[in-house]
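Next come the chains, spelled out residue by residue.
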Amino acid sequence: MKVKKITAAEFRKMVAVSSDRLNNNADFINSLNVFPVPDGDTGTNMSLSFASGAKYVAESTADDVGTLAAALAKGLLMGARGNSGVILSQIFRGFHKSTEKKVELTPADLAAALSSGVESAYKAVMKPTEGTILTVARQAAKAANKTSNQTDVTTVMSAAYSAAKEALAHTPEQLPVLKEVGVVDSGGQGLTFVYEGFAAVLSGKTLAEPTEKHQPNMVEMDEMVNAAHHQSVQSQLNTEDIHYGYCTEIMVRLGAGRLVDQKFDYDAFRQHLSEIGDSLLVVADEQVVKVHVHTEHPGDVLAYGQHFGSLIKVKVDNMRLQHETILEHDREADSPSTTEPTEPATVETINGYGIIAIASGVGLGKLFKSLGATLILNGGQTMNPSTEDIVQAIKQTKAKKVIILPNNKNIFLAANQAAQVAEVAVAVVPSKTVAQGMTSLLSFDSQASLKENQAKMTAELDSVISGQITTAVRDTSIDGQTIKKDDFMAIVDGKIVLTNAVRKTAAISMLKRMLTADSEIVTIIYGADGNQEEAQEIAAAAQQLDSDLEIEVHFGGQPVYPYLISVE
């Protein structure tokens, strides 16, 4: 069977089948996690993100592909969870932009839409990295373009799917960390499932069994044991390698302001900024342009924006100062979510500020509240809140200025995306761990500006060392450690430093490694699987190591991680 054009009916089937494909194989994608801990979540994030898009499509009464693609993009945007979900949403945002006026899609239209998705996704990522979902999307689009002169969309989508599979297999050759541990990219695997669903519908091979799951071959089984998941290439850099030192973001309301003296032209605007920096992203519509660029002269970016309109948002970060934070633990396995709600959020502000802390566990919620957070959003590694969840939390604060503490690296993109679409000024402080989030809160100043608070709170992130104790779910070797299933692993700043069959011994040994001559404060937070008695024994051992230490023990209630330990 070969389909000449994609109609609205075909597009609905494509979305529904791919959503099922992701849902049925979420566990397989989740298993591609570098750390043998029970919190791999790329599959869950991509499945829930795409399911949100599929829901919007199902609820639409449109009979043209352009409108349905817009619904898919909107649903994905608001439902995006985790970095993988956000990138997936950007792929289909670009797809929508290319098809918004199309009733049906021809082979050329489909190829163009896939290419537009790639462009949108690359622009959305601050530092695009090859060997990831981006590579898979790009190679798939490239193959689609080569067949765009065919008379049917089936051939185009089949070529894209085949190229996606091939690109996925080669991702370890493009990203050193993947090659080191012999794994394909988990986000790329998720996108390949999506394109498989699309190709199946257009070839008449719609999955006969809705519950069919991917059966890994021997190579993939090895990957599931030795899997690496989304390590950033930033960890390969030295601070002196940073050529442009200031991450600069502005949002300009076009045509407004006293200094306007130029008419906005996207290409000319983007070209000018590309000459004064890198990592450039420019997103614009008829009313607003949003810019992200790394530059040595942030003032020049602000001044240039004012030629076209008024500045409605400005953010400048010194990346050289933040570099240690960026490196801190790229593969952080953080406090995961739980189905139990945290302490109910109250609507309150601090001098017009709302502070959202993302955390799981009743005790963690109370701790964040005691430090000044005004709203606790339940979420963590195994259940990242979606963009829409964060947007709703921003609204719930009823504040004019909002600070978000993700407390998990995998929530950064969704938090930033929520900040962009929010109706109030929002700053994201890139806390990767619960400990970082709590430490940053101590430097919050209700009298300071949002920009000043973001800078001060971010600067505090690298002043704390974060440790976690969890259980290995499989045998593996990583970070120079031979790990046995059911052993207790100690993870310090994202790196597995030791394992032990005895949990308390693992915790005390980890704490020894975390302490330095300058250490002053140790905080031990025991989770749902830990207990106060053992936590106190760990605290006593720490006191014996250094009698001058100030030690605090708190109940966090977090699942998966019996103990979260921080040293300042």
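Cut-offs and rules
- Residues numbered from 1 in each chain as written.
- Predicted model: local features only at pLDDT ≥ 70, side-chain atom pairs only at ≥ 80, totals over all residues.
- Heavy atoms only, no water.
- Helix = DSSP H or I, 4+ residues; strand = E, 2+ residues; numbered from the N terminus.
- Expected span 1.5 Å × (residues − 1).
- Buried < 20%, exposed > 50% of the residue type's maximum accessible area, 1.4 Å probe, protein only.
- Contact = heavy atoms within 4.5 Å.
- Axes fitted to C-alpha atoms, helices over the stretch in contact; angles between N-to-C directions.
- Parallel < 35°, antiparallel > 145°, perpendicular 65-115°, else oblique.
- Left-handed = near helix turned anticlockwise from the far one by under 90°.
- Nonpolar A, V, L, I, M, F, W, Y, C, P; charged D, E, K, R; others polar.
- Pairing = 2+ DSSP bridges.
- Salt bridge = Lys/Arg side-chain N within 4 Å of Asp/Glu carboxyl O.
- Phe/Tyr/Trp six-rings, centres within 6.5 Å; stacked < 30°, edge-to-face > 60°.
- pLDDT = per-residue confidence, 0-100.

### Digging into helix H3 (residues 42-59)
Along an α-helix, a turn takes 3.6 residues, which lines up residues three or four apart on a common side.
Next, step 1: Counted at 1.5 Å a residue, the expected span for H3 with its 18 residues is 26 Å, and the 26 Å between its end C-alpha atoms agrees.
Next, step 2: Among the residues of H3, those classed as buried are Thr-42, Gly-43, Thr-44, Asn-45, Met-46, Ser-47, Ser-49, Phe-50, Ser-52, Gly-53, Ala-54 and Val-57.
Next, step 3: Buried residues in H3 make contact with helix H1 (8-24), helix H2 (26-30), helix H4 (65-79), helix H5 (82-99), helix H7 (133-146) and helix H10 (186-202).

### Considering the packing of helix H6 (residues 107-124) against H7
Next, step 1: Contact geometry of H6 with H7 gives a least axis separation of 8 Å together with a crossing angle of 155 degrees. Relative to H7, the element H6 lies roughly antiparallel. Considering how the two elements wind past one another, H6 and H7 form a crossing that is left-handed. Every residue of H7 that contacts H6 at Ala-111, Ala-112, Leu-114, Ser-115, Val-118, Ala-121 and Tyr-122 is listed here: Leu-134, Thr-135, Ala-137, Arg-138, Ala-141, Ala-144 and Asn-145.
Next, step 2: Residues belonging to the contact of H6 with H7 are distributed by class as follows: ten nonpolar, three polar and one charged.

### Re the sheet that holds strand S8 (residues 425-428)
Next, step 1: Taken together, four strands build an open sheet; the order of strands is S6-S5-S7-S8 and the sheet is parallel. Of all strands in the sheet, those bounded by a partner on one side alone are strand S6 (375-378) and S8. Averaged over neighbouring strand pairs, the angle between their axes works out to 25 degrees when direction is ignored.
Next, step 2: Looking at chain direction, strand S5 (residues 353-359) and strand S7 (residues 401-405) are connected through five bridges and run parallel. Paired with Ala-357 across the bridge in S7 is Leu-405.

### Concerning unusual backbone geometry
Next, step 1: Phi is positive for Asp-486, close to 80 degrees, though the residue is something other than glycine.
Next, step 2: Look at Asp-486 and you get partly exposed, because its relative accessible area is 49%.
Next, step 3: In this structure, Asp-493 takes a positive phi of about 50 degrees despite not being glycine.

### Focus on the environment of Ala-111
Next, step 1: Its place among the elements puts Ala-111 in helix H6.
Next, step 2: When its relative accessible area of 0% is taken as the criterion, Ala-111 is described as buried.
Next, step 3: Along the backbone, Ala-111 and Asn-145 are 34 residues apart, and their C-alpha atoms lie at a distance of 5.2 Å.
Next, step 4: Those residues in contact with Ala-111 that lie beyond four places of it in its chain are Ala-144, Asn-145, Ser-148 and Val-156.

### Quick look at helix H17 (residues 412-421)
Next, step 1: Listed as buried for H17 are Phe-412, Ala-414, Ala-415, Gln-417, Ala-418 and Ala-419.
Next, step 2: The inward-facing, buried residues of H17 contact H4, H5, strand S4 (309-318), helix H16 (387-397), S7 and S8.

### A word on the pattern of salt bridges
Next, step 1: The full count for this structure, using the stated rule, is ten salt bridges.
Next, step 2: Here Lys-485 ties to Asp-486 by a salt bridge, and the two come within 3.6 Å at their closest N and O atoms.
Next, step 3: Overall, the relative accessible area of 46% leaves Lys-485 in the partly exposed class.
Next, step 4: Measuring nitrogen to oxygen at the nearest pair gives 2.8 Å for the salt bridge that ties Glu-534 to Arg-503. Within this pair, whereas Glu-534 is found in helix H21 (residues 532-545), its partner Arg-503 is found in helix H20 (residues 503-514), the two being separated by 31 residues in sequence.

### Considering the side chain of Ser-47
Next, step 1: Note that Ser-47 resides in helix H3.
Next, step 2: Taking relative accessible area as the criterion, Ser-47 reaches 6% and is therefore assigned buried.

### Comments concerning the sheet that holds strand S14 (residues 521-526)
Next, step 1: What the six strands build is an open sheet, ordered S13-S12-S9-S16-S14-S15; its pairing is mixed. The open sheet has two edge strands with one neighbour each: strand S13 (495-500) and strand S15 (550-555). For this sheet the average axis-to-axis angle between neighbouring strands, irrespective of direction, equals 20 degrees.
Next, step 2: Sheet topology note: the S14/strand S16 (residues 563-567) ladder contains five bridges and is antiparallel. If you follow Val-522 over to S16, its bridge partner there is Val-567.

### Describing the packing of aromatic side chains
Next, step 1: Summed over all chains, the structure comprises 13 aromatic pairs.
Next, step 2: Centre to centre, the rings of Phe-28 and Phe-193 are 6.4 Å apart; their planes meet at 75 degrees, and the pair counts as edge-to-face. Of this pair, Phe-28 sits in helix H2 while Phe-193 sits in helix H10; the two residues are 165 residues apart in sequence, bridging distant segments of the chain.
Next, step 3: Measuring from centroid to centroid gives 5.1 Å for Tyr-304 and Phe-308, while their planes differ by 75 degrees, and the two rings are edge-to-face. Accessibility classification places Tyr-304 together with Phe-308 in one group, the buried group.
Next, step 4: Each member of the aromatic cluster is reached from another via a ring pair, and the members are Phe-11, Phe-50, Phe-92, Phe-95, Tyr-195 and Phe-198.

### Overview of the confidence of the model for the chain
Next, step 1: Here the chain averages 83 in pLDDT, and 84% of its residues register 70 or above.
Next, step 2: Counted against residues more than four places away or in other chains, residues 208-212, with its pLDDT under 50, gives six contacts.
Next, step 3: Within the model, the stretch residues 215-237 combines pLDDT values under 50 with 65 contacts to residues more than four positions away or in other chains.

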